[in-house]
Every structure is written in structure tokens, then in C-alpha cells.
Amino acid sequence: MPATAGTLLDILARRVRDPGNVAHPRDFARDVLSRCQRALNAALGLVTRDDTLVLDAGTPQIYNVTAKLPNAVRLLAVRDGTRQLTRMDWRFLGAADSGWPLRRGDAFTTWSLIGWDRLLLYPAPRSTGGREAVTVVSVGLTTALTTDAIELDLPNHTHTLLLDLAEAILLLRDRQFETFQDVLARLTPRVAEAVAAGQG
């Protein structure tokens, strides 16, 4: 059963020796916890989502990810129907196909990110051929913790990391540098290990 924001906030308040939420008002601590959940998920990729990207008739090759997929943090895969497209660095498209910006094809074969928020589907379709959308798999934006009753999106086994990160931020805000260093020394190798393992 997923833990609620309120449960973790009570633990966090005890960790920073502020059980009455005097130094850190509960709304502020909840916002810190919410942002930490989003940061951990962005790094670990534990909460994913499938979104439908509707193809534009005028520009069916390049899409603004921020505008079209606002809840996507990091793209993982693109599917055209049941077919998985291959990911390729867009800079290598020129080596593979010098005419790639003008290339037309019957079906998308490759996808790439240009910068942080431009999705390139290659080759551009000759016509949509009845296709209206592709499916984009991404690391999803976690739910904002606006009340104590909201359940966390991250699985229970990541809550210790989440609490450590939130504790470090609150200690730094309080200028409790020695305690902050202790928490950071405990947190850093565990986060690095979780990121290397690809999970919390």
C-alpha cells in the first residue's frame, strides 16, 4: 500500500527535530517532499507513462515535447502502432543520410531528441496514411503533493532515499551544516548506486 504525504511528513519532521512544524511549516515541507519525489523519479525513471502524440499534418516530423507532452520528464521510447522506433542521436542522421531533413518514407523508423524538447521522427511521412498518432513512453511527472492525503507515486522501497533528500534540503535551509554533511555523506553513495542500478 503506498504511503501518503502526511505519513512521510511526520517522519521528516521528527528527523529534522521539528515535530510541531515550527521551523518548517507543513505546506513548505510538503512542497519540498513533492519536489524531491519529482527529482528522484527523473533520475531513477520509476514512474513511466504512455502518451499519445497526435501527428501534425503540416509538420509531421518535429514536435515540441514541452508543449505536446507536458507531463513527460524524459523520453524513453516511441512506438508507431505496435512497432518500436529506434532511437538515434540526431547528429548521426547526417552521416547515415545526408538528405535526412528532406527524406520522405512510408513509415517512421527512428526517433531522436534535438536539444531537450524537440522530438524528431524520421523519415518524414509521404502522407499520414491513416496514421494519426504515435505513442511516446516517458518518465512521467509525479503527482504534486498538495495535501497530506495524497499517495506518493514512488514505490515504498524508495521512501528512505526520498526522506534523506528532503531532510538534507531542510537541514541546509536551517543552516545545520554539520548534520547536513552527515546526511549528505549517507545519501550520496545510495543515490549513485540507485541511479547506476536504474531503480530506487
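Residues numbered from 1 in each chain as written. Predicted model: local features only at pLDDT ≥ 70, side-chain atom pairs only at ≥ 80, totals over all residues. Heavy atoms only, no water.

Asker: Please explain the side chain of aspartate 51 as it appears in this structure.
Answerer: Assignment of secondary structure puts aspartate 51 in strand 1 (residues 48-54). In terms of polar contacts, aspartate 51 uses its side chain to reach the side chain of arginine 49, at 2.9 Å. With residues up to four places along the chain from it excluded, the contact list for aspartate 51 reads Leu69, Val134, Thr135, Val136 and Ser138. (Helix = DSSP H or I, 4+ residues; strand = E, 2+ residues; numbered from the N terminus. Polar contact = N/O pair within 3.5 Å; in protein donor to acceptor, adjacent residues only side chain to side chain. Contact = heavy atoms within 4.5 Å.)

Asker: What exactly am I supposed to notice about helix 6 (residues 177-197) here?
Answerer: It helps to recall that an α-helix has 3.6 residues per turn; residues three or four apart then point in one direction. End to end, helix 6 covers 30 Å across 21 residues, agreeing with the expected 30 Å (1.5 Å per residue, within 8%). Along helix 6, the residues classified as buried are Phe180, Val183, Leu187 and Ala194. For helix 6, the secondary structure elements touched by its buried residues are helix 2 (26-44) and helix 5 (159-173). (Expected span 1.5 Å × (residues − 1). Buried < 20%, exposed > 50% of the residue type's maximum accessible area, 1.4 Å probe, protein only.)

Asker: Mind showing me how you'd approach the environment of leucine 113 here?
Answerer: Tracing the backbone through its elements, the reader meets leucine 113 in strand 7 (residues 110-114). Once the C-alpha coordinates of leucine 113 and asparagine 41 are considered, the two residues, 72 residues apart in sequence, prove to be 20 Å apart. Leave out the neighbours within four places in its chain, and leucine 113 touches Val65, Leu75, Arg87, Trp90, Arg118 and Leu119.

Asker: I'm lost on the packing of helix 1 (residues 5-15) against helix 2 in this one. Help?
Answerer: The relative placement of two packed helices comes down to the angle between their axes together with the axis-to-axis distance. The interhelical angle for the contact between helix 1 and helix 2, taken along N-to-C directions, is 105°, at an axis separation of 10 Å. If you check the angle between helix 1 and helix 2, you find them roughly perpendicular. Across the interface between the two elements, Ala5, Gly6, Leu8, Leu9 and Asp10 from helix 1 touch Arg26, Ala29, Arg30 and Leu33 from helix 2. Across the contact of helix 1 with helix 2, the residue classes tally to five nonpolar, one polar and three charged. (Axes fitted to C-alpha atoms, helices over the stretch in contact; angles between N-to-C directions. Parallel < 35°, antiparallel > 145°, perpendicular 65-115°, else oblique. Nonpolar A, V, L, I, M, F, W, Y, C, P; charged D, E, K, R; others polar.)

Asker: Help me understand the confidence of the model for the chain, please; the structure alone is not making it clear to me.
Answerer: Keep in mind that low pLDDT regions are not for reading the predicted coordinates in detail. Counting all residues, the mean pLDDT for the chain is 89, and 96% of those residues have values of 70 or more. Confidence scores differ between elements of the chain, with strand 9 (residues 124-125) showing the lowest mean pLDDT of 80 and helix 2 the highest of 95. (pLDDT = per-residue confidence, 0-100.)

Asker: Help me understand the pairing of strand 3 (residues 72-80) in this model?
Answerer: Side-chain positions along a regular strand alternate between the two faces of the sheet. Where strand 3 meets strand 10 (residues 133-140), six bridges bridge the pair, whose relative direction is antiparallel. Across the sheet, residue alanine 72 finds its bridge partner in strand 10, namely glycine 140. Both strand 3 and strand 4 (residues 83-84) contribute to a ladder of two bridges, which runs antiparallel. Along strand 4, the bridge assignment pairs arginine 79 with glutamine 84. Counting the residues in the hairpin turn of strand 3 and strand 4 gives two residues, including glycine 81, whose phi is positive at 70°. (Pairing = 2+ DSSP bridges.)

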